[in-house]
Amino acid sequence: MVDQTNGRGRDTSWARWFVGEDLPKVGAVRNMMDPTLFGQPAKVGDPFYVCDDDGDDSGGVHSNSGVPNHAFALLVDGGSYGGLTVNGIGLAKAARIHYAP
């Protein structure tokens, strides 16, 4: 949400859901609309989802972030996934749900 509202970087429709797309030498590290592009799960049942704690990621706190990232992207823009169609509600309303104090 911050990336899409701070007026910096490449926030074109192509890069809208990439995370880190403006990092020099590294580029995007995640895609919130399609987490599987970077080896992250889009849902809990994906093969990329991890449940064990190998000590490196505290049970998958980073590697499993694709699940809430994907949910947020769908909530904002809408789309189809897993046979369901989600009607997007826009960035401001979705932010109030996800980031409410």
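Residues numbered from 1 in each chain as written. Predicted model: local features only at pLDDT ≥ 70, side-chain atom pairs only at ≥ 80, totals over all residues. Heavy atoms only, no water.

Asker: Even after reading the chapter, I still don't get the pattern of salt bridges, so can you show me in this structure?
Answerer: Should their charged atoms come close, side chains of opposite charge can pair. A full pass over the atoms with the stated rule returns 1 salt bridge. A salt bridge links D77 to R16, with the nearest nitrogen and oxygen atoms 2.8 Å apart. One end of the pair, D77, is in helix α2 (residues 66-77); the other, R16, is in the loop between α1 (2-5) and β1 (18-19), and 61 residues separate them in sequence. Here D77 falls in the partly exposed class, since its relative accessible area comes to 36%. (Salt bridge = Lys/Arg side-chain N within 4 Å of Asp/Glu carboxyl O. Helix = DSSP H or I, 4+ residues; strand = E, 2+ residues; numbered from the N terminus. Buried < 20%, exposed > 50% of the residue type's maximum accessible area, 1.4 Å probe, protein only.)

Asker: So what exactly am I meant to see when it comes to the packing of aromatic side chains here?
Answerer: The final tally for this structure, using the stated rule, is 3 aromatic pairs. Among the aromatic side chains, those forming a connected cluster through ring pairs are W17, F72 and Y99. (Phe/Tyr/Trp six-rings, centres within 6.5 Å; stacked < 30°, edge-to-face > 60°.)

Asker: What should I look at first to understand the packing of α2 against helix α3 (residues 91-98) in this one?
Answerer: It is at 8 Å that the axes of α2 and α3 come closest, and there the two elements cross at 145 degrees. Helix-helix and strand crossings are classified by hand; for α2 and α3 the assignment is right-handed. In this structure, α2 contributes P68, F72, L75 and V76 to the contact, and α3 contributes L91, A94, A95, I97 and H98. Classifying every residue of the contact of α2 with α3 by side-chain character gives 8 nonpolar, 1 polar and no charged. (Axes fitted to C-alpha atoms, helices over the stretch in contact; angles between N-to-C directions. Left-handed = near helix turned anticlockwise from the far one by under 90°. Contact = heavy atoms within 4.5 Å. Nonpolar A, V, L, I, M, F, W, Y, C, P; charged D, E, K, R; others polar.)

Asker: Explanation requested: the side chain of S65 in the structure shown.
Answerer: Assignment of secondary structure puts S65 in the loop between β2 (30-31) and α2. Take S65: its relative accessible area is 14%, and that puts it in the buried class. The contact partners of S65, leaving out residues within four places of it in the chain, are R30, Q40 and G60.

Asker: Would you take a moment to explain the pairing of strand β4 (residues 84-87) for this structure?
Answerer: Regular strands place their side chains on alternate faces of the sheet. With 4 bridges connecting them, strand β3 (residues 78-81) and β4 associate as antiparallel partners. What sits directly across from G78, in β4, is N87. Connecting β3 to the antiparallel partner β4 that follows it, the hairpin turn spans 2 residues, and G82 within it adopts a positive phi of roughly 60 degrees. (Pairing = 2+ DSSP bridges.)

Asker: Help me out: how do you make sense of unusual backbone geometry in this one?
Answerer: Only a minority of non-glycine residues have a phi that is not negative, and only a minority of peptide bonds are not trans. At K25, a residue that is not glycine, the phi angle is positive and equals roughly 70 degrees. In this structure, K25 sits in the loop between β1 and β2. Here K25 falls in the exposed class, since its relative accessible area comes to 89%.

Asker: How do you make sense of α3 when you look at a structure like this?
Answerer: Think of an α-helix as 3.6 residues a turn; residues three or four steps apart then line up on the same face. Listed in full, the buried residues belonging to α3 are L91, A94 and A95. Seen along its axis, α3 keeps its buried residues to an arc of 105 degrees; they face one direction. Among the exposed residues of α3, those pointing more than 90 degrees away from its buried face are A92, K93, R96 and I97. (Arc of directions from axis to C-beta.)

Remember, this is a structural readout, not a statement about activity or role.
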